[in-house]
Structures are given as C-alpha cells and as structure tokens.
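Architecture and fold: a report
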Amino acid sequence: MERIYTDQDADPAALAGTIAVIGYGSQGRAHARNLRDSGFDVVVGARAGGPAEKKAKADGFKVTSPAEAAKGAALVAMLTPDMTHRSVYAEAIAPNLAPEAALLVAHGFSVHYGEVDPRADIDVVLVAPKGPGDLVRREYEIGRGVPSLFAVQQDASGGARAKALAYCQGIGGTKGGAIETSFAEETETDLFGEQAVLCGGASELVVSGFTTLVEAGYKPEIAYFECLHELKLIVDLLYEGGLAKMHQFVSETAKYGDLVSGPRVINSDTRERMREILRDIRTGKFAREWIEENAAGKPNYKAMLEADLDQPIEKVGARLRNQMAWLQSQPESEAA
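The notes below deal with the structure included here. (Residues numbered from 1 in each chain as written. Predicted model: local features only at pLDDT ≥ 70, side-chain atom pairs only at ≥ 80, totals over all residues. Heavy atoms only, no water.)

A word on helix 4 (residues 85-93)
Within helix 4, the full set of buried residues consists of His85, Val88, Tyr89, Ala92 and Ile93. With its buried residues spanning 105 degrees around the axis, helix 4 presents them on a single face. Looking at the buried positions of helix 4, the neighbouring elements they touch are strand 1 (18-22), helix 3 (66-71), strand 4 (73-78), strand 5 (102-105) and helix 5 (109-112). (Buried < 20%, exposed > 50% of the residue type's maximum accessible area, 1.4 Å probe, protein only. Helix = DSSP H or I, 4+ residues; strand = E, 2+ residues; numbered from the N terminus. Arc of directions from axis to C-beta. Contact = heavy atoms within 4.5 Å.)

Written out as structure tokens, the structure reads:
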C-alpha cells in the first residue's frame, strides 16, 4: 500500500522565506490564501492593471510583477495555465530566481514535456491538490484538506522534498492525505484520466447513449434525463463509496443490467483504444500536437469545440435545465 503523508510528516520550517504565487486563478487564489493563513509570507506576481492584480489586492496581498516576485522568493509557485509556462518561466522566473530556491507547479505537463527546462541550480517540485481551487479553500477553512500529490523533479538544495511537503501542508494537503509520485506519473495519469474517462470518455458515452435513443424514436427530453441528468446520481454514489455504495443504492434490476451490459459497452476493443491514448500520452505525441495546435492559434481546437457545443443534446439540455430551480442559484463551477 502506498504511504499517505499527514501533517506530522511535514515541517513548515523547511520552507523559510517568501512564497511567490504567479497565477491567481482557481488554484492560485486558493493556494495563496491558504498559505498565508498557515503563517507563510506570500506575495502575488501578476500583470499590472490586470484582473489578477485587482483580485489579489482586494484579498489583501502585496502584488508585484512576476519578475519582481521571483527575485525575492524562496519558492515560486507557477500556477498559470500550462501553455503559458514556457514564457512565464523564461521571462520572469529563470533570470530572477535565486540558486537553491524552488520552482513549484501544480501539474507536471510543462516540465515533463520540456516546455520548461529548469536551471540546474534550483529545486523543481510539484504539489497537485485533487480538487478545484474553490474546494481546496473551503476544506481548509473548516479545518480539513483536499488530498494532494507531491513530487520532486530536481533537488539542487538537498531539501526539495521537505519544501514540497511543507507547501503541501500549507495549503491543507497533508490534512487530506498526501501521496508521493513523480512528474511523469502525475502528468501521464492526469492526461489519461481526462481523455479516456472523465472528460472525453464520459461525455462521448453520454452523447452516444442520447443519440442511440433519439435515433430509435424516443423523445429527446426522455433521452436527456436517462443518459445525462441521472448520471450525477451515479457519480455521487461512486465518489462517496465506490462500486459498493452504487450497488447498495440502485435497484436490483439496475445492478443486473450493469453486470451483464456494462462489459458489452466497455470491452476489450474499448480498452485497446484506451491503451492507444495512453501510448500517445507517454510518448509525448499528444503533448506535441497540443503545443503545436496552441502555437498555431488553436484553429482545430476551436472548430471541434464549436461542433461539440452545437449538438442536439446541448439544446435539449439547456431548455430542460431552465426548469430546474436548484441549478439557477448555484455558482459557476471552477476548473481543477
């Protein structure tokens, strides 16, 4: 069994000095506020006049340019989107971060695939909470924490691992339980989960189920309820108690249907497609394609996204969700 690290395994003194948080979105804001409340000295690096600067100042932080923030930092948390890491690191961090200071990311994509080539004289670590920033903050405020992953890519100071654990404790990760990983493992499993199961796999399964029913002559509204709306009920059960809780709370008929028909949908052919996806991730093929697509202005990405959002299930769903009063009062979800 993999060891789970807790508060007792972390030493805040291992991370002495200022922490610079660059990127003040969902994760950046949560990390900065939690670290400050844990007693760390936090400065935010943001573009002058931008929305991140305004929000960070409103939250009471000292805000400077990313380059200035990096100059005085013992650790720089680079929490901007993956595709900005190359320029943020090259322009603001690499020329300014002191030897044996630390560079931290919350996802290993840019380092693992060579978009960022860290200087040899700095520590490079990863701390990845397994939840969106809003949850990271809310759990911290009530004295709990979101489980987190941590990893060391480069240990110039001899204390990189201790710094990662201290940071993890500072955002509440060791209260939720922290597991040690590597940059390769975190990056590749994260991308695979998104593509094969959580985003790509789940959304395609929903749309395919909806389309199958509608093409067979069933009402689109009924198909929407059966293939999308009720998915949340099952996901909640799985999230709360795994397969056992799902089986406990669905009908005997649903359970029997699950056991005899699930393997007909997700079978050896599906798993071979999953292995292909994983090969593309592990060889760097997916990363190269995404980096090139981004550099070209994302024309294919935009076209595919537009087509995805123009499907019949979206139009039916928007009309039905309009009648669901409990959805109208909910805040917009934040990305993880």
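Focus on the nonpolar core
A general tendency of soluble globular proteins is for nonpolar side chains to be buried together. If you look at the biggest cluster of nonpolar residues, it comprises 31 residues, and the most contacted ones within it are Ile19, Val21, Leu35, Leu75, Leu104, Val127 and Tyr167. Where this core is concerned, the elements lending two or more residues are strand 1, helix 1 (26-37), strand 2 (41-45), strand 4, strand 5, strand 6 (123-129) and helix 7 (160-170). If one sorts the elements of this core by residue count, helix 7 sits on top with six residues. Each residue touching Leu104, except ones within four places of it in the same chain, is listed here: Leu75, Val76, Ala77, Met78, Leu79, Val125, Val127 and Tyr167. Counting residues in hydrophobic clusters, the runner-up holds 26 residues, among them Ala70, Val76, Tyr89 and Ala151. (Core = buried A, V, L, I, M, F, W, Y, C linked by side-chain atoms within 4.5 Å.)

Describing the packing of aromatic side chains
Tallying each qualifying case throughout the model produces five aromatic pairs. Ring geometry for Tyr224 against Phe225: centres 6.1 Å apart, planes inclined by 70 degrees, an arrangement best described as edge-to-face. Looking at Tyr224, the relative accessible area reads 2%, which means it is buried. Positioned over the ring face of Phe61 is Arg36, at 3.9 Å from the centre of the ring. (Phe/Tyr/Trp six-rings, centres within 6.5 Å; stacked < 30°, edge-to-face > 60°. Lys NZ or Arg CZ within 6 Å of the ring centre and 35° of its normal.)

Quick notes on the packing of helix 10 (residues 200-215) against helix 17 (residues 312-321)
Relative to each other, helix 10 and helix 17 sit at 90 degrees, their axes nearing to 10 Å. One element, helix 10, and the other, helix 17, form an angle in the roughly perpendicular class. Between helix 10 and helix 17, the contacting residues are Val206, Val207 and Phe210 on the first element and Pro312, Ile313 and Val316 on the second. Here the contact of helix 10 with helix 17 is built from residues that sort into six nonpolar, no polar and no charged. (Axes fitted to C-alpha atoms, helices over the stretch in contact; angles between N-to-C directions. Parallel < 35°, antiparallel > 145°, perpendicular 65-115°, else oblique. Nonpolar A, V, L, I, M, F, W, Y, C, P; charged D, E, K, R; others polar.)

Regarding the pattern of salt bridges
Pairs may arise between side chains of opposite charge once their charged atoms sit close together. Tallied over the entire structure, the rule returns 24 salt bridges. Asp7 is the partner of Lys175 in a salt bridge, and the nearest nitrogen-oxygen pair spans 2.9 Å. Separated by 168 residues along the polypeptide, Lys175 in helix 8 (residues 173-176) and Asp7 in the segment before strand 1 bring together distant segments of the chain. Glu180 is the partner of Arg161 in a salt bridge, and the nearest nitrogen-oxygen pair spans 3.0 Å. Taken together, the residues span a long stretch of sequence, with Arg161 in helix 7 and Glu180 in strand 8 (residues 178-180) at a distance of 19 residues. When its relative accessible area of 33% is taken as the criterion, Arg161 is described as partly exposed. Because the salt bridges share partners, they merge into one network encompassing Asp37, Arg137 and Glu141. (Salt bridge = Lys/Arg side-chain N within 4 Å of Asp/Glu carboxyl O.)

Structural notes on the sheet that holds strand 1
Within a beta sheet, neighbouring strands are joined by backbone hydrogen bonds and run either parallel or antiparallel to one another. Strand order in this open sheet of eight strands is 3-2-1-4-5-6-7-8, and the pairing throughout is mixed. Looking along the sheet, the strands with just one partner apiece sit at the ends: strand 3 (62-64) and strand 8. Taking each pair of neighbouring strands and ignoring which way they run, the sheet shows an average axis angle of 25 degrees. Two elements, strand 6 and strand 7 (residues 148-154), share six bridges in a ladder whose sense is antiparallel. In the strand pairing of strand 7, Leu126 is matched with Ala151. Lying on the sheet, helix 4 is in contact with strand 1, strand 4 and strand 5; it crosses strand 4 at an angle near 160 degrees. In this fold helix 9 (residues 183-198) packs onto strand 5, strand 6 and strand 7, with an angle of close to 35 degrees to the strand it touches most, strand 6. (Pairing = 2+ DSSP bridges.)

Quick look at the side chain of Asn96
Tracing the chain through its elements places Asn96 in the loop between helix 4 and strand 5. For Asn96, a relative accessible area of 16% puts it in the buried group.

Considerations on unusual backbone geometry
Positive phi, normally seen in glycine, also occurs at Glu100, with a value near 70 degrees. Following the sequence through the fold, Glu100 ends up in the loop between helix 4 and strand 5. In this model, Lys298 sits at a positive phi of 60 degrees, which is unusual for a non-glycine residue. Position of Lys298 relative to the elements: it lies in the loop between helix 15 (285-295) and helix 16 (299-308).

Remarks on the packing of helix 9 against helix 10
As a packed pair, helix 9 and helix 10 sit with axes 3 Å apart at the nearest point and diverge in direction by 10 degrees. Overall, the two elements helix 9 and helix 10 adopt an arrangement that is roughly parallel. Within the contact between the two elements, helix 9 uses Glu194, Gln195, Ala196, Val197 and Leu198 and helix 10 uses Gly200, Gly201 and Ala202. The class makeup of the residues in the contact of helix 9 with helix 10 is four nonpolar, three polar and one charged.

Interpretation note: all reported values are geometric properties and have no functional meaning in isolation.
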